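Secondary and tertiary structure notes
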Amino acid sequence: MFHGWRMVGVTFVTLFVSVGFVFYSYGLFVLSLARELGQSRFLTSLGVSFMNGAIAFLAPWLGRAVDTMSIRNVMMTGGIMMFVGFVMASQITAIWQFIFLLGTVLGGGVALIGQLPSSTLVSNWFVRRRGMALGIATMGVSASGVAMPPLTTWLISSFGWRQTFLMYGVLSAAIVVPLVWLTVVNRPEDVGQLPDGDTEPPPDPQGDTSHPHALGLTRLTATSMLLNRDFWGIGMSVALCFFAMSAVLVHTVPMSVDR
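Here is a short report on the structure shown in this document. (Residues numbered from 1 in each chain as written. Predicted model: local features only at pLDDT ≥ 70, side-chain atom pairs only at ≥ 80, totals over all residues. Heavy atoms only, no water.)

**What about the packing of aromatic side chains?**
Throughout the structure, instances matching the rule amount to 12 aromatic pairs. Ring plane angle 15° and centroid distance 4.5 Å describe the contact between Phe-21 and Tyr-168, whose orientation is recorded as stacked. Of this pair, Phe-21 sits in helix 1 (residues 4–37) while Tyr-168 sits in helix 9 (residues 161–183), and the two are 147 residues apart along the sequence. Both residues of the pair, Phe-21 and Tyr-168, belong to the buried class. Between Phe-231 and Trp-232 the ring centres are 5.5 Å apart and the planes differ by 75°, which places this aromatic pair in the edge-to-face class. Phe-231 sits in the partly exposed class, given a relative accessible area of 34%. Members of the aromatic cluster, each reached through a chain of ring pairs, are Phe-21, Tyr-26, Phe-29, Phe-86, Phe-98, Trp-161, Phe-165 and Tyr-168. Above the ring of Trp-181, the side-chain terminus of Arg-72 is found at 4.1 Å from the ring centroid. (Phe/Tyr/Trp six-rings, centres within 6.5 Å; stacked < 30°, edge-to-face > 60°. Helix = DSSP H or I, 4+ residues; strand = E, 2+ residues; numbered from the N terminus. Buried < 20%, exposed > 50% of the residue type's maximum accessible area, 1.4 Å probe, protein only. Lys NZ or Arg CZ within 6 Å of the ring centre and 35° of its normal.)

**Overview of the environment of Leu-171**
Assignment of secondary structure puts Leu-171 in helix 9. For the pair Leu-171 and Gly-79, spaced 92 residues apart in the sequence, the C-alpha separation amounts to 9.4 Å. If we skip the residues at most four places from it in the chain, Leu-171 touches Phe-21 and Val-176. (Contact = heavy atoms within 4.5 Å.)

**Notes on unusual backbone geometry**
Residue Asp-196 is not a glycine yet carries a positive backbone phi of 70°. Relative to the helices and strands, Asp-196 resides in the loop between helix 9 and helix 10 (222–226). Look at Asp-196 and you get buried, because its relative accessible area is 2%.

Right under this line is the structure:
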């Protein structure tokens, strides 16, 4: 059996947890945190900016780590960090503590199980069917957007925000850590398989640049990318989309409650 589809499955789950437990749920905690801690919504929502800053700061190191180290160890560390971060968040008594956690432990945990290591893992296992595999894996993001807001709303109203944070911490460790430990393998060659489940090595891409495997062997240096206008154009386009999306996700629920 080709193990690549297992990597797709575990990536679906880790993306569901990293995005659903934090990004899609954040706005639902804003009112409860502001009310109990006696702080403005500005300060309460500021944590997501610190979290995004932490993810951005870690990105260059994380990119190198998933290329040279064990992706399994990276993602397991992320699951443990999310467990620790959520458990600590359930005990906060001041808003600065929450912001600090989002900018350190929780932000780091989201990064280590999030899009970068997950997409790298899937890309290592697929070349010809990479687009389809990544599409299935990233459905975890969409699934979390459907499932987590109503679930988080029910949990907060039934048990309170502290117990909800605690449950998310326990679930992060109980789901992510064992699943990653039992499933994740960096590359198909590590278990005697080939990308896409092929039974024969692909032709030499130097001799056949039209072969789909040649796309997987293209390498760019960091310097060449940073000097490339297309790279910055794509990067800024994605960044602007996330600027807008983050604002909507954080503030839609508080605004709707006010109205």
